[in-house]
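Chain residues, written in single-letter form:
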Amino acid sequence: KNQVEQSPQSLIILEGKNCTLQCNYTVSPFSNLRWYKQDTGRGPVSLTIMTFSENTKSNGRYTATLDADTKQSSLHITASQLSDSASYICVVILNAGGTSYGKLTFGQGTILTVHP
Amino acid sequence: DARVTQTPRHKVTEMGQEVTMRCQPILGHNTVFWYRQTMMQGLELLAYFRNRAPLDDSGMPKDRFSAEMPDATLATLKIQPSEPRDSAVYFCASGLGIGDRRNEQFFGPGTRLTVL
């Protein structure tokens, strides 16, 4: 069964600290992996998208890594800010081949709280 | 500033009533998705459309849910009759589909539905 597991479920850190969120998946065949940030009461917003051949992608203070061999991804947040408090969702897209749309499999998310 | 819009943002209704949620995708996007998010299940794909045609609605309870795209600027999700277990946040997302190799999706703000 295609699954995406995220850890930890929740995380509390102090402002200015770094943190790393984990995502393990069993989705196969793999097309791409995305990290979304979802603020409370808002829709998810894409942070990074990585294809099979990419093993790192940065977006400002956010850096995602991907190890397609071990089927693991991480999202590293540097110098956290209060506005980083949100849910971070890992999404893996199945490779449907050709022009077909690949099915999305969502992780349950990691709730990050940044305290001053 | 192109974005996906959804109406209403909040809806409270009584069990048995019909609920219609509306979505306006980003102009030019040819794929539209409906998702449901609950604390227990996280994000779940209900249905998706490409060029207004439904391609996958396997995640949707067919007996009470229906999704349509009357035209390229409007997608609707209808629940009839509604039940308390339908209480959730319903997100619409749109994308360029096969015109975008990464299949990126842009989420709307969601409709928070409460069925009493």
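Preceding this section is the structure that the text describes.
Because the structure is predicted, anything quoted here is derived from the model rather than measured.

A.B. asks: Summarise the interface of chain A and chain B; cite the residues concerned and give the values.
C.D. replies: Interfaces are often described in size by the accessible area the parts lose on coming together. Each partner contributes residues to the interface: chain A has 19 residues there, and chain B has 22 residues. Here chain A meets chain B over a buried area of about 1700 Å², counting both sides, of which 53% is carbon and sulfur. Scanning the region where chain A abuts chain B turns up 0 salt bridges. The interface formed by chain A and chain B includes 2 residue pairs in polar contact (both at pLDDT 80 or more). For the side of chain A that touches chain B, the element with the highest residue contribution is strand E4 (residues 30-38) of chain A, accounting for 4 residues.

A.B. asks: An account of the state of the cysteines is requested, with residue identities and associated values reported.
C.D. replies: Chemically, a disulfide is nothing more than a covalent bond linking the sulfur atoms of two cysteines. Under the counting rule described, the total for this entry stands at 2 disulfides over all chains. Each sulfur in the disulfide pair A:Cys23 and A:Cys90 lies 2.0 Å from the other. The disulfide joining A:Cys23 to A:Cys90 has a torsion of about -65 degrees about its S-S bond and is therefore left-handed. Highlighted residues: A:Cys23 in strand E3 (residues 19-25) and A:Cys90 in strand E9 (residues 86-94), separated in sequence by 67 residues. Across the disulfide, B:Cys23 is cross-linked to B:Cys92 (sulfur-sulfur distance 1.9 Å). Since a negative S-S torsion denotes a left-handed disulfide, the B:Cys23-B:Cys92 link at about -60 degrees is left-handed. Of this pair, B:Cys23 sits in strand E3 (residues 19-24) while B:Cys92 sits in strand E9 (residues 88-95); the two residues are 69 residues apart in sequence, bridging distant segments of the chain. We classify B:Cys23 as buried; its relative accessible area is 1%. Distance from the sulfur of A:Cys19, which forms no disulfide, to the nearest cysteine sulfur (A:Cys90) is 15 Å.

A.B. asks: Describe the packing of aromatic side chains, listing the residues and the values that go with them.
C.D. replies: Per the stated rule, a full pass over the model turns up 8 aromatic pairs over all chains. With a centroid separation of 5.5 Å and 80 degrees between ring planes, the pair formed by A:Tyr36 and B:Phe107 is classed as edge-to-face. You can see A:Tyr36 sitting in strand E4 and its partner B:Phe107 sitting in strand E10 (residues 105-107), one on each of two chains. Aromatic side chains B:Phe91 and B:Phe107 sit 6.3 Å apart centroid to centroid with 80 degrees between the ring planes, which places their arrangement in the edge-to-face category. Taken together, the positions of B:Phe91 in strand E9 and B:Phe107 in strand E10 put the pair 16 residues apart, joining distant regions of the chain. B:Phe107 shares its class with B:Phe91; the two are buried. Put simply, the rings of A:Tyr36, A:Phe106, B:Phe33, B:Tyr35, B:Tyr48, B:Phe91 and B:Phe107 pair up and form one aromatic cluster. The aromatic ring of A:Tyr62 is capped on one face by A:Arg61, whose charged end is 5.7 Å from the ring centroid.

Quick notes on the rules
Residues numbered from 1 in each chain as written. Chains lettered and ligands numbered in written order. Predicted model: local features only at pLDDT ≥ 70, side-chain atom pairs only at ≥ 80, totals over all residues. Heavy atoms only, no water. Contact = heavy atoms within 4.5 Å. Buried area = accessible area lost by both parts, 1.4 Å probe. Salt bridge = Lys/Arg side-chain N within 4 Å of Asp/Glu carboxyl O. Polar contact = N/O pair within 3.5 Å; in protein donor to acceptor, adjacent residues only side chain to side chain. Helix = DSSP H or I, 4+ residues; strand = E, 2+ residues; numbered from the N terminus. Disulfide = S-S within 2.5 Å. Buried < 20%, exposed > 50% of the residue type's maximum accessible area, 1.4 Å probe, protein only. Phe/Tyr/Trp six-rings, centres within 6.5 Å; stacked < 30°, edge-to-face > 60°. Lys NZ or Arg CZ within 6 Å of the ring centre and 35° of its normal.

Interpretation in functional terms is not warranted from these geometric data alone.
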